[in-house]
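Structural features, examined
What follows is the residue order along each chain.
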Amino acid sequence: MTMEAVPPAGANRPVLALHVPEPRFRPGDPVDFGFLTIPPAGAQPRPDETCAPAETFPLCTDLVRVLGDDDQAHGPWDPRLSADGMRTMLRLMAMVRVFDGRMYRLQRQGKTSFYLKCTGEEATSVAATMALDAGDMIFPSYRQQGCLIARDYPLLEMVNQIFSNRADKLKGRQLPILYSAREVNFFTISGNLATQLPQATGFAMASAIKGDSRIASAWVGEGSTAEGDFHNALTFAAVYNAPVVFAVVNNQWAISSFSGFAGAERTSFAARAIGYGIAGLKVDGNDALAVYAAHAWAADRARLNHGPTLIEYFTYRVEGHSTSDDPSVYRAADEGTGWPLGDPIARLSAHLIAIGEWSAEAHAAMLTELDGEVRTAIRAAEANGILGHGLHQPDTTMFEDVYETMPWHLREQMAQALHERAVKYPPEVQP
Amino acid sequence: MSTDEGAGRPMTMIEAINDALDIMLARDPDVVVLGEDIGFFGGVFRATAGLQAKHGKTRVFDTPISECGIIGVAVGMGAYGLRPVPEIQFADYIYPGLDQLISEAARLRYRSAAEFIAPMTVRTPFGGGIFGGQTHSQSPEALFTHVAGLKTVVPSTPHDAKGLLIAAIEDNDPVLFFEPKRLYNGPFDGYYDRPAKVWKGHADAVVPDGHYTIPLGKARTVREGEALTILAYGTMVHVASGVVESLGVDAEIIDLRTLVPLDIEAIEQSVRKTGRCLIVHEATRTSGFGAELSALVTERCFYHLEAPVERVTGFDTPYPHSLEWAYFPGPVRVGEAIERLLAAD
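This text gives an overview of the structure that appears in the document. (Residues numbered from 1 in each chain as written. Chains lettered and ligands numbered in written order. Predicted model: local features only at pLDDT ≥ 70, side-chain atom pairs only at ≥ 80, totals over all residues. Heavy atoms only, no water.)

A count of helical and extended segments in chain B gives 12 helices and 14 strands. Computed over C-alpha atoms, the radius of gyration of chain B comes to 19 Å, within 12% of the 20 Å expected from 2.2 N^0.38 for 345 residues, which places it in the range of a compact globule. Along the longest, intermediate and shortest principal axes, the C-alpha atoms of chain B span 60 × 45 × 45 Å. Of the accessible surface of chain B, which amounts to about 12,000 Å², a share of 53% is contributed by carbon and sulfur atoms. (Helix = DSSP H or I, 4+ residues; strand = E, 2+ residues; numbered from the N terminus. Rg over C-alpha atoms; globule rule 2.2 N^0.38 Å. Areas by Shrake-Rupley, 256 points an atom, 1.4 Å probe, with all protein chains shown as cover.)

Given below as structure tokens:
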């Protein structure tokens with residue numbers, strides 16, 4: 001039984017009521033993002049990288065933008081990249097999208113178990129990674145395939161991993177897209193949420209302990225900022241002034257839970273920085289130039305021993321959470337197309353066209369070329385096997401890497417596994 | 001066992017769980033259901049579909065993505081007098097909540113001399129067989145059976161899922177309710193390369209209408225036999241049954257249903273009759289619940305045993321993605337263990 005409730009009648013107290021957040025739009029609702037305040041591009045001040053954290057606090061609830069509705073770059077955050085640099089950025093983002101499209105179809109064809117796209121969020125990983133040095137360590141969540149592509153990680157390795165095939169260097173152990181790529185300084189993806197954040201802080205602390213110049217950069221979704229590890233990471237980063245950049249990719253949805261279930265009804269995610277006394281920036285995540293500028297600012301700040309920065313990339317998850325999700329059940333269909341900050345690839349392409357450095361024809365030709373590269377990688381990967389069709393790693397690999405050296409009980413179990421394979425697939429029935 | 005058990009209808013395990021929650025939300029105004037994606041959406045496995053619309057947003061609601069927070073607020077709600085039913089989306093994600101479960105929920109009654117209790121039921125899908133890789137496949141039940149103060153329940157059929165879940169919710173102690181996700185939509189005998197089965201037509205898929213309970217701590221004899229005893233729970237009940245049928249062995253299969261408290265009488269009675277005991281679970285072997293069962297059987301039935309107790313389990317590795325079926329304790333592993341036990345003199 002509940003404790004004796006205080007009767008509201010006659011008592012000089014209001015009746016308490018539980019607030020449960022509710023998104024503005026559900027399936028069937030007309031979508032109008034007019035409630036969002038979108039400041040003009042170029043209007044936000046850019047403090048020096050070595051400023052006191054408090055100088056950034058107004059930017060935690062503003063929105064750093066560079067690319068305006070006129071397709072031109074504006075204001076002090078314009079990174080003034082060369083046309084070649086911007087074309088590279090555009091190409092990498094487009095590659096991510098083409099790759100996502102192909103992989104999604106492969107999952108639907110039954111060639112693998114799972115896939116997860118980042119449509120609309122390409123800038124938050126690609127442009128941010130371009131702003132880092134190649135030696136800086138990336139601690140990704142599972143939607144940062146753009147970081148790998150921006151570091152020229154071979155597509156073939158990615159597809160092999162997605163197929164869990166005999167050439168997968170992770171030996172078929174991990175769910176598709178949970179990559180690991182030490183050779184490009186990309187930390188192994190967990191699948192559990194926000195665990196990478198304190199790890200990034202620790203990596204950055206280690207770099208500082210050793211007098212190195214490398215920094216760490218970690219990504220997390222806005223929904224996962226509710227996890228304790230987000231707060232652990234920020235506390236340690238603030239205490240030790242760790243050279244780390246935290247990127248909260250606020251794509252508005254965590255599976256079916258809108259950002260209000262992570263606290264977005266009260267303040268921005270960038271504003272979490274204020275409570276920890278570290279620098280914070282809220283940035284238009286669909287503006288690749290703004291993303292680049294913000295991440296470069298934070299990386300420089302960290303490298304100059306001015307400590308951590310928390311960046312919120314304000315964006316929108318255009319697709320479902322994953323191939324296991326159906327967003328039409330819980331959100332309005334038109335949210336993606338109605339998103340007032342547009343599409344990062346279309347915006348950068350339009351900018352390059354506006355300054356005379358690109359064309360619709362060049363863009364179309366680029367997409368065809370990228371699709372060809374992806375299809376070549378898929379064909380090569382298929383030769384190494386697709387999930388569930390026999391061309392996997394040897395069964396013995398299941399027992400490797402549990403420990404550095406295999407203890408007796410795993411040796412016994414490995415013998416059992418080999419015996420079971422021989423029973424299930426006797427030599428006379430093997431192809 | 002039943003209170004007002006009515007005529008039944010076939011359900012999947014998901015539907016049976018949904019029905020149990022629906023009934024308890026309607027019967028007891030102190031029951032609240034909370035978890036990630038469980039409100040408007042109805043859960044990633046649809047276990048809570050329709051419940052928010054029916055019972056309201058302050059009875060069935062989404063939470064922030066914080067397993068520690070979910071369990072922690074459930075402890076506080078229990079302190080007030082509510083009967084929370086938190087869902088952890090996958091058992092693989094329960095670990096951030098361990099401090100609140102182990103140090104708090106499990107010990108509240110003890111440390112306050114029963115001034116405060118934690119009458120929560122933590123529902124969580126567990127087990128593999130869906131190509132979920134290491135983060136959507138684990139069977140961590142032994143971590144919880146090791147903790148004094150927690151109860152641990154694992155249903156294997158829609159009928160049991162409903163009755164056990166209602167009993168768990170009505171129980172005044174914290175209960176871990178592990179739902180074998182491979183059984184949500186159909187029984188699974190371990191033959192992954194055959195067409196998937198559905199619950200429809202299965203005898204244990206007929207779920208009585210209305211409120212009924214299956215007491216915690218009471219095992220179910222799936223099939224009587226004389227040749228050996230098989231102790232299993234969750235998915236492995238079906239795998240063991242399939243092997244026993246195909247080998248034509250006169251085995252007695254006991255579905256434990258509740259790991260803590262354990263139905264030791266049912267186990268002793270069966271093993272004393274058959275003299276041979278096989279323990280089957282999907283979880284890793286070392287310090288798994290099978291070790292506890294093996295110790296109990298050896299301690300209590302030693303002079304009745306005609307062969308060493310055997311365990312068939314998952315291997316002591318993280319759950320692999322592509323080698324899922326080499327990992328899974330399937331019909332070959334179970335069948336050979338049965339033959340070894342029967343051959344032993």
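By the secondary structure assignment, A:Q196 is in helix α5 (residues 196–209). Among the residues examined, A:Q196 registers a relative accessible area of 6% and is labelled buried. (Buried < 20%, exposed > 50% of the residue type's maximum accessible area, 1.4 Å probe, protein only.)

Attention now moves to the packing of helix α9 (residues 264–274) of chain B against helix α10 (residues 289–301) of chain B. Angle between the axes and distance between the axes: these two values describe a pair of packed helices. All names here are of chain B. It is the contact of α9 with α10, at a shortest axis distance of 10 Å, that shows an interaxial angle of 60°. The angle between α9 and α10 falls in the class oblique. When the axes of α9 and α10 are compared, the crossing they make is right-handed. Taken together, the residues of α10 that come into contact with α9 (itself represented by I264, I267, E268, V271 and R272) are L293, L296, V297, R300 and C301. Classifying every residue of the contact of α9 with α10 by side-chain character gives 7 nonpolar, no polar and 3 charged. (Axes fitted to C-alpha atoms, helices over the stretch in contact; angles between N-to-C directions. Parallel < 35°, antiparallel > 145°, perpendicular 65-115°, else oblique. Left-handed = near helix turned anticlockwise from the far one by under 90°. Contact = heavy atoms within 4.5 Å. Nonpolar A, V, L, I, M, F, W, Y, C, P; charged D, E, K, R; others polar.)

All names here are of chain A. On the surface, F236, V239 and Y240 cluster together to form a nonpolar patch covering roughly 340 Å² of accessible area. In this fold, F236 is placed in helix α6 (residues 228–240). Look at F236 and you get partly exposed, because its relative accessible area is 45%. (Patch = residues over 30% accessible without salt bridge, like charges linked within 9 Å, V, L, I, M, F, W, Y side chains within 5 Å. Salt bridge = Lys/Arg side-chain N within 4 Å of Asp/Glu carboxyl O.)

Turning our eyes to something else, we now look at the packing of aromatic side chains. Evaluation of the coordinates by the stated rule reveals 29 aromatic pairs over all chains. Measuring from ring centre to ring centre gives 5.1 Å for A:Y330 and B:F41, while their planes differ by 80°; the resulting arrangement is edge-to-face. Here the residue A:Y330 occupies a position in the loop between β7 (309–314) and α9 (335–338), and B:F41 occupies one in the loop between β2 (31–35) and α2 (51–55), the pair thus bridging two chains. For A:Y330, a relative accessible area of 0% puts it in the buried group. By relative accessible area, B:F41 is classed as buried at 8%. (Phe/Tyr/Trp six-rings, centres within 6.5 Å; stacked < 30°, edge-to-face > 60°.)

The next subject is the interface of chain B and chain A. In many analyses, interface size is given as the accessible surface area lost on bringing the parts together. Taken together, the contact between chain B and chain A spans 47 residues of the former and 54 residues of the latter. Of the roughly 4,000 Å² buried at the junction of chain B and chain A (both faces included), carbon and sulfur atoms supply 60%. The largest contributions to the chain B side of the interface with chain A come from B:F40, B:I65 and B:H321, which together make up 16% of the buried area. Summed over the shared surface of chain B and chain A, the number is 2 salt bridges. Of the charged contacts in the structure, one is a salt bridge between A:E420 and B:R333, with a shortest N-O distance of 2.6 Å. There are 17 residue pairs in polar contact (both at pLDDT 80 or more) connecting chain B and chain A. Those elements giving two or more residues to the side of chain B that touches chain A turn out to be β3 (60–62), α3 (67–80), α11 (324–327) and α12 (331–343) of chain B. (Buried area = accessible area lost by both parts, 1.4 Å probe. Polar contact = N/O pair within 3.5 Å; in protein donor to acceptor, adjacent residues only side chain to side chain.)

Glancing now at unusual backbone geometry. Excluding glycine, most residues fall at negative phi; most peptide bonds, likewise, are trans. B:P261 follows B:V260 through a cis peptide bond whose omega is -5°. Tracing the chain through its elements places B:P261 in the loop between β12 (258–260) and α9. The backbone of A:I177 sits at a positive phi, close to 80°, despite the residue not being glycine. In the Ramachandran plot, B:R46 falls in the positive-phi region, its phi being about 70° despite a non-glycine side chain.

The next subject is the pattern of salt bridges. In this structure the tally under the stated criterion is 46 salt bridges over all chains. The residue A:E373 makes a salt bridge to A:R91 at a minimum N-O spacing of 3.0 Å. Linking A:E373 in helix α11 (residues 360–382) with A:R91 in helix α1 (residues 83–108), this pair joins segments that are 282 residues apart in sequence. The salt bridge involving A:D136 is made with A:R303; its shortest N-O contact spans 2.6 Å. Here the residue A:D136 occupies a position in the loop between α2 (122–130) and β1 (137–139), and A:R303 occupies one in helix α8 (residues 288–303), the gap between them amounting to 167 residues. Since its relative accessible area comes to 1%, A:D136 is described here as buried. Shared partners join several salt bridges into a network, and the residues in it are B:D160, B:D204, B:R220, B:D255 and B:R257.

Here we come to α6(A). Residue and element names in this part refer to chain A. Over its 13 residues, α6 extends 18 Å from the first C-alpha to the last, a length consistent with the 18 Å expected when each residue adds 1.5 Å. Turning to α6, its buried residues are F230, A233, L234 and A237. Projected onto a plane normal to the axis of α6, the buried residues spread over an arc of 90° and lie on a single side. Looking at the buried side of α6, the elements it contacts are α5, β3 (244–250), α7 (272–276) and β7. Positive backbone phi, approximately 50°, marks N241, located one or two places after α6. (Expected span 1.5 Å × (residues − 1). Arc of directions from axis to C-beta.)

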